[in-house]
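As a plain string of letters, each chain reads:
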Amino acid sequence: MQGRCLCGGIAVSSDEQQEVSLCHCAMCRRWSGGPMFAVHGGTGVTFKGLTPVAYRSSEWAERGFCPTCGTHLFYHLLPTGEYILPAGLFQEQSFELTCQIFIDEKPGFYALKNDTPTLTGQEVFEQFAPKA
Ligand SMILES: [Zn+2]
Ligand SMILES: [Zn+2]
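Conventions used here
Residues numbered from 1 in each chain as written. Chains lettered and ligands numbered in written order. Predicted model: local features only at pLDDT ≥ 70, side-chain atom pairs only at ≥ 80, totals over all residues. Pairing = 2+ DSSP bridges. Helix = DSSP H or I, 4+ residues; strand = E, 2+ residues; numbered from the N terminus. Axes fitted to C-alpha atoms, helices over the stretch in contact; angles between N-to-C directions. Core = buried A, V, L, I, M, F, W, Y, C linked by C-beta atoms within 7 Å. Buried ≥ 20, exposed ≤ 12 C-beta atoms within 10 Å, placed from the backbone. Contact = placed C-beta atoms within 7 Å.

Student: Help me understand the sheet that holds strand β2 (residues 10-13), please; the structure alone is not making it clear to me.
Tutor: Sheets are built from strands paired through backbone hydrogen bonds, the pairs being either parallel or antiparallel. What the three strands build is an open sheet, ordered β1-β2-β5; its pairing is antiparallel. The two strands at the open ends of the sheet, each matched to only one other strand, are β1 (2-4) and β5 (46-49). In this sheet, neighbouring strand axes are inclined to one another by 25° on average, regardless of whether the strands run parallel or antiparallel. Of the strand pairs in this sheet, β1 and β2 are connected by three bridges, and their pairing is antiparallel. Looking at the pairing, Q2 lines up with S13 of β2.

Student: How should unusual backbone geometry be read in this particular structure?
Tutor: Residues apart from glycine generally show negative phi values, whereas peptide bonds are mostly found in trans. Phi angles above zero are rare outside glycine, and F102 is one such case at about 55°. With respect to the helices and strands, F102 occurs in the loop between β10 (96-101) and β11 (118-119).

Student: How should the nonpolar core be read in this particular structure?
Tutor: Soluble globular proteins: nonpolar side chains tend toward being buried together. Ranked by size, the top nonpolar core spans 22 residues in total, and within it I10, V12, C23, A38, L73, F74 and L85 carry the most contacts. Those elements that provide at least two residues to this core are β2, β3 (19-23), β4 (36-42), β8 (72-77) and β9 (82-86). If near-sequence neighbours (up to four positions away) are discounted, L73 is found in contact with C5, I10, V12, F47, P52, G64, F65 and C66.

Student: In this structure, what is going on with the sheet that holds strand β6 (residues 53-58)? I would like to understand it.
Tutor: Taking strand neighbours across the sheet as the criterion, the eight strands line up as β6-β7-β8-β9-β4-β3-β10-β11 in an open arrangement whose pairing is mixed. The two strands at the open ends of the sheet, each matched to only one other strand, are β6 and β11. With three bridges joining them, β3 and β4 adopt antiparallel strand pairing. Bridge pairing links S21 to A38 in β4.

Student: Just checking my understanding: could you explain the environment of L119 for this structure?
Tutor: When you line up the elements, L119 lands in strand β11. Sequence separation between L119 and F102 is 17 residues, and the spatial gap between their C-alpha atoms is 5.9 Å. Apart from the residues lying within four places of it in its own chain, the contact partners of L119 are C99, I101, I103, V124 and Q127.

Student: Please explain the pairing of strand β7 (residues 61-65) as it appears in this structure.
Tutor: Looking down a regular strand, the side chains alternate between one sheet face and the other. Two elements, β6 and β7, share five bridges in a ladder whose sense is antiparallel. Of the residues in β7, the one forming a bridge with S58 is A61. Between β6 and β7, which pair antiparallel in sequence order, lie two residues. Inspection of the sheet shows β7 paired to β8 by five bridges, in the antiparallel sense. Within the sheet, the bridge partner assigned to R63 lies in β8 and is Y75. Linking two consecutive strands that pair antiparallel, namely β7 and β8, is a turn of six residues; a positive phi of about 80° is found at G70 within it.

Put into structure tokens, the structure is as follows:
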């Protein structure tokens, strides 16, 4: 599937995906201004055009954005090389929300009607932590 940033300076391509998870964690909310609608792009994601700026947001991940328009382009898990991409980049794609994570960090001022499974931060780390 093909996506792009707001200014069009960067084109993103990833394997076709339908599933979106929503991350309510404090870092995603500070980064995005709200919870992050996240698509697991795998390791074969490519960026064409301008070079994304990468910010090392933790020991195990970096977050990338367009140097011109600031559009958020990726959350990159360094141990696995996996890219997690904002669903908003891919506006022609039909997605389904399948999971909400870091539900214990969700602030009280919003709640989604979507009936999805939820995971706490602790459960996310237990389920997805790289077994190294
Ligand atoms: Zn841009
Ligand atoms: Zn998050």
